[in-house]
Amino acid sequence: MEQLEALLPGGWTDDRGRLHQKVVLKTLTGREEMLLAENKRRESASLVTTILHRCLLQIGEITEISESLCRNLLVADRQYLLLKLRELTFGTEVRATLPCPWPDCGKKADIDFSLTDLPVTPSVDKGPHYRIPLSEDAAFKEGDLMYDEVVFRLPTGADQEVISPLLAQNEARALNWLLERCLISIGPNKDPNREMIGKLLPKARFEIEKAMSALSPKIELALNTQCPECGREFAAPFDPQDFFFGELRSSRDLLYREVHYLAYHYHWSEREIMDMPKTRRRDYIEMLADEIERLNNAV
Ligand SMILES: [Zn+2]
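Just so it is clear, the model here is predicted, and its values are computed rather than measured.

> Whenever I open this one, the overall build of the protein chain confuses me. Can you help?
Regarding its fold elements, the protein chain presents 12 helices and 14 strands. Each of the three principal axes of the protein chain carries a C-alpha extent, and together these read 95 × 55 × 35 Å. When each of the 299 residues of the protein chain is scored for burial, the buried share is 43%. If you take every contact in the protein chain between residues at least 6 apart in sequence, the share linking residues at least 24 apart comes to 62%. Carbon and sulfur atoms make up 50% of the accessible area of the protein chain, which totals about 16,600 Å².

> How should the coordination of the zinc ion be read in this particular structure?
Ideal geometry at a metal gives 109.5 degrees between four tetrahedral donors and either 90 or 180 degrees between six octahedral ones. Distances from the zinc ion to its protein donors, Cys 100 (SG), Cys 105 (SG), Cys 227 (SG) and Cys 230 (SG), fall at 2.3 to 2.4 Å. Positions of the donor residues of the zinc ion, expressed as sequence spacing, correspond to C-x4-C-x121-C-x2-C. Taken as a pair, Cys 100 in the loop between strand 4 (93-99) and strand 5 (108-114) and Cys 227 in the loop between strand 13 (222-226) and strand 14 (233-237) lie far apart in primary sequence, 127 residues in all. Of the two residues examined, Cys 100 and Cys 227, each falls in the buried class.

> Would you mind going over the packing of helix 2 (residues 44-55) against helix 4 (residues 75-90) with me for this structure?
A pair of packed helices can be characterised by two numbers: the angle between their axes and the separation between those axes. For the pair helix 2 and helix 4, the least separation of the axes is 11 Å and the interaxial angle reads 60 degrees. In terms of their interaxial angle, helix 2 and helix 4 are classed as oblique. By crossing handedness, the relation of helix 2 to helix 4 is classed as left-handed. Seen from helix 2, the contacting residues are Ala 45, Val 48, Thr 49, Ile 51, Leu 52 and Cys 55; seen from helix 4, they are Arg 78, Leu 81, Leu 82 and Leu 85.

Conventions we followed
Residues numbered from 1 in each chain as written. Predicted model: local features only at pLDDT ≥ 70, side-chain atom pairs only at ≥ 80, totals over all residues. Heavy atoms only, no water. Helix = DSSP H or I, 4+ residues; strand = E, 2+ residues; numbered from the N terminus. Buried < 20%, exposed > 50% of the residue type's maximum accessible area, 1.4 Å probe, protein only. Contact = heavy atoms within 4.5 Å. Areas by Shrake-Rupley, 256 points an atom, 1.4 Å probe, with all protein chains shown as cover. Donors = N, O, S within 2.8 Å, 3.2 Å for Na, K, Ca; no water. Axes fitted to C-alpha atoms, helices over the stretch in contact; angles between N-to-C directions. Parallel < 35°, antiparallel > 145°, perpendicular 65-115°, else oblique. Left-handed = near helix turned anticlockwise from the far one by under 90°.

Purely spatial values, then, with no claim about function.
So this is what it looks like as structure tokens:
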């Protein structure tokens, strides 16, 4: 399987207001694996954008996928696409090792699950803009003007790229920045700046964040599992980005060795081998290994 069709749980709305949800993805090749191996320290949201740009063949009727389009997909849609890419590259079965979170245990537990077990909830209202009223306690008044409703959009990869470096240093400022980017209006103010965001009451922020989360498409990324050592249940967090990138990055040396092995036996160029999907590269290596073993046994 080198291509896959899927339906984004959110979707992308173009300038003319048309919603695009169906996607076609192609599997990663040695080139993307190399890119991931060589950019271990690069901030991961921008790496997701690069990878999606290379592997997304189609969204709705759009076949010329720009990097900016990939960047502007909703956070959950990007996570969903990574899960699909993982499925294309390594299949749906996942085996992860996690420490049991109970302090008196802490033993390493192997967790097996299928990506198809992660519940995906598509968004109902596709927006892309959402208007919500603020409750009486959350609204505020300035002069004659009443600020009692907001219009926002949902966070995208572009927001993650900008915000994640700040998130580690100053979470409160990062969240302010996110609000500034996603809020389209506050009451009569159609372009709220930092000062305006600063006037929002904590209750208003809470209501906005709650509405954003309720309106977003969702992928459940915590698995209920049981520790095989102590038998107690716990929720295992699963970060598709870290996990999948980790799997792919595991070895640049191995990738070089595979290229060398195929080039040596088949006389293909490096370019041809690097353009192959990982699965096909592995199939050839297996065939070669079988063949070599057969020849050795015949001697
Ligand atoms: Zn345990």
